[in-house]
Amino acid sequence: MRKKGDRELPELTTMNRQTNQKLGWSLTILTIGLSLFITAFITTTSPLFAFNNSWDGNTMFTVGKGLWHGLMPYRDLFDQRGPLIYLMNSFSALISYKTFLGVYLFEALTVFFDIIMSYKIINLKFSRPISFASSLTLLPIVFNDYFFENGELPESLIMPLVLSLIYIVLKNNGKPETNFQLFGQGVAMAVVFWIKFSLILPWISFFGLIAVQALFSKHFHELLRKVAASLAGFMAVSVPLIIFYGVMGALSDLFKVYFIINLNYYPHSHLFSFQLIETISGFVFRNFRTVTISALFLIGILYLIFNTTFKWFPKIIILSAALLEVIVIVGNEFSFRYYFVALGVFMVFMSMGIASGLTYLTEHRFNNQTKVSLITAVIAVGSIFITNRNYRYTILFPHNQAISTNHNTTTPFQIQFAKIINKSKDRTILNYNNLDVGIYTATGTLPQTKYFAKLNLRGFRPLMDTQNYLLNNHQAHFVVFTLLENESIWDSDQQPDDSFTHAYRLVAQRKLIFQNHKMKYLLYELRS
């Protein structure tokens, strides 16, 4: 029996009596500060990095900036990502045209909402201080530098939206969704669909299962209401986007590239293949990190399954969403490591399990929730610098190998190359046989060719055919080669003809470490 005056702890077998507590101004301001601080060290778009070496990031930024000059994605600048990624980058360019400050602020905003939504999910069951501290434990797991090497990943940008879906499902706990909730999730699905359509699987699970439930219960009017509200949300985003591309005369290019080319030329999942199990197990046991992360993922899923707070229908929605993500992401034929950030949202149940342990400690060992929560928060934030060591390549360590293997050099090669290019009257650049390495960003120029970067589209001939034509007909005043340290411009993957050395001269080069590979960048200029 509790003595008079004893603090009452949240009931662990029912929904938290203090559900949906707002953080309050003090914790909200702290969350903003933490988001800016954490993001500054983990993403290379941050001002703490001398330059953003990310090939994907520079490619998206170049296409995004093109919008302000009448260059439409897909039609005028070829890339296969979703149109909303370019819209975000175009707005970022308004903040800073030659740096990624705007993108960094967008990323910090998503981390802020990651914390907020994780807190709201955990607070469905646990007290405010424990929920807030536990929400921070999600970050060192999801943003480890094995998966989150550079930053500006579609997978990380959509995390708050998936967390919002999980929150709605658990908050309703089997009760019917309101029109506002359905409209909001329709909007969220549309945003994700136009960023990277392969990431809409959680919403397929959500909308599919609630439709099946309505059909089996023969609530046809209820089903029509849900379809109408959800579709209204989806169309609220999609219709303006389609109209914009239609007015700009690029609608057919949008559908051809984003859907048809992606589906035909991009690596596919072994969804209906016996090789799927082999592919998934190959990922799980790839190295110590993947084993650890897979174990934490499984622990979180088991915690959800055996949790008595939530009913089985919301559990089934979330479990089916997680299963679909595992099959399509982990079972991909060529699984790029950053894909797995999309699975990070389900680590929130691991964080909920941590909250359960902290609650047990405060109930049976310690009598101070605030102190236990503060220690947990400090450990969680500190752990980020253990799992993600991108800070080694910031301006705090100017003599780092992400800038040059020659430790005397502290100027990024993009800046060095840009100084040479900007002295010339002709600043046409061919970024040859690679994703955009940042020369367009550093020089403040835009590509003169639609196929300005080599994408991961196997067998798509127009891309490299165009680049090889420009190279061998000397259509660019400057050519940038990106090679492994032991490669040559005459290797089989490169296609300059015999006239190249007579037409061009090497004017600058740099060796550095990029994603654990020794790389070299060569700048050639057309002889006068």
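Residues numbered from 1 in each chain as written. Predicted model: local features only at pLDDT ≥ 70, side-chain atom pairs only at ≥ 80, totals over all residues. Heavy atoms only, no water.

A. Structural detail: the packing of aromatic side chains. As enumerated under the stated definition, the model contains 40 aromatic pairs in all. Plain terms: the ring middles of Y74 and Y86 are 5.8 Å apart, the flat faces sit at 70° to each other, and that makes the pair edge-to-face. Taken as a pair, Y74 in the loop between α2 (55-66) and α3 (83-95) and Y86 in helix α3 lie far apart in primary sequence, 12 residues in all. Taking the centre distance of 5.9 Å and the plane angle of 75° together, the rings of W194 and F259 count as edge-to-face. Taken together, the positions of W194 in the loop between α9 (179-193) and α10 (201-216) and F259 in helix α12 (residues 251-265) put the pair 65 residues apart, joining distant regions of the chain. Residue W194 shares its accessibility class with F259, and that shared class is buried. Taking NZ or CZ as reference, K315 lies 4.5 Å from the ring centre of W312, over its face. When the ring centre of Y146 is taken as reference, the NZ or CZ atom of R337 above it lies at 4.3 Å. (Phe/Tyr/Trp six-rings, centres within 6.5 Å; stacked < 30°, edge-to-face > 60°. Helix = DSSP H or I, 4+ residues; strand = E, 2+ residues; numbered from the N terminus. Buried < 20%, exposed > 50% of the residue type's maximum accessible area, 1.4 Å probe, protein only. Lys NZ or Arg CZ within 6 Å of the ring centre and 35° of its normal.)

B. Geometry of the side chain of S230. Locating S230 in the fold gives a position in helix α11 (residues 220-247). Judged by relative accessible area, which is 9%, S230 ranks as buried. Apart from the residues within four sequence positions on either side, S230 is in contact with L182, G186 and F207. (Contact = heavy atoms within 4.5 Å.)

C. Region of the structure containing α3. Given a rise of 1.5 Å per residue, 13 residues ought to cover 18 Å, and the 19 Å separating the end C-alpha atoms of α3 matches this to within 8%. Those residues of α3 not exposed but buried are P83, L84, I85, Y86, M88, N89, S90, S92 and A93. Buried residues in α3 make contact with α2, α4 (101-122), α7 (154-157), α9, α11 and α12. (Expected span 1.5 Å × (residues − 1).)

D. Structural view of the confidence of the model for the protein chain. Mean pLDDT over the protein chain: 92, with 94% of residues reaching 70 or higher. Contacts of residues 1-14 to residues separated by more than four positions or lying in other chains number 26 contacts, the stretch itself having pLDDT below 50. (pLDDT = per-residue confidence, 0-100.)

E. Fine view of the nonpolar core. Counting residues in hydrophobic clusters, the biggest one holds 155 residues, and the most contacted among them are F78, L136, W194, F346, F481 and Y521. Contacts of W194, omitting those with residues within four sequence positions, involve G82, P83, L84, I85, V237, S238, L241, L254, Y258 and F259. (Core = buried A, V, L, I, M, F, W, Y, C linked by side-chain atoms within 4.5 Å.)

F. Looking closely at the sheet that holds strand β1 (residues 429-432). Read across the sheet, 4 strands follow the order β1-β2-β4-β3 without closing on themselves; strand pairing throughout is mixed. Strand pairing shows two members of the sheet lacking a second neighbour, β1 and β3 (504-514), which therefore form its edges. Each strand of the sheet is rotated relative to its neighbour by a mean of 20°, with strand direction disregarded. As defined by bridge partners, β3 adjoins strand β4 (residues 517-526) across 10 bridges and the pair is classed as antiparallel. Pairing of A508 across the sheet is with L523, part of β4. (Pairing = 2+ DSSP bridges. Axes fitted to C-alpha atoms, helices over the stretch in contact; angles between N-to-C directions.)

G. Representation of the pairing of strand β2 (residues 478-484) in the model. Most of β2 is tucked away, with 6 of its 7 residues classed as buried. Inspection of the sheet shows β2 paired to β4 by 7 bridges, in the antiparallel sense. Pairing of L484 across the sheet is with M519, part of β4.

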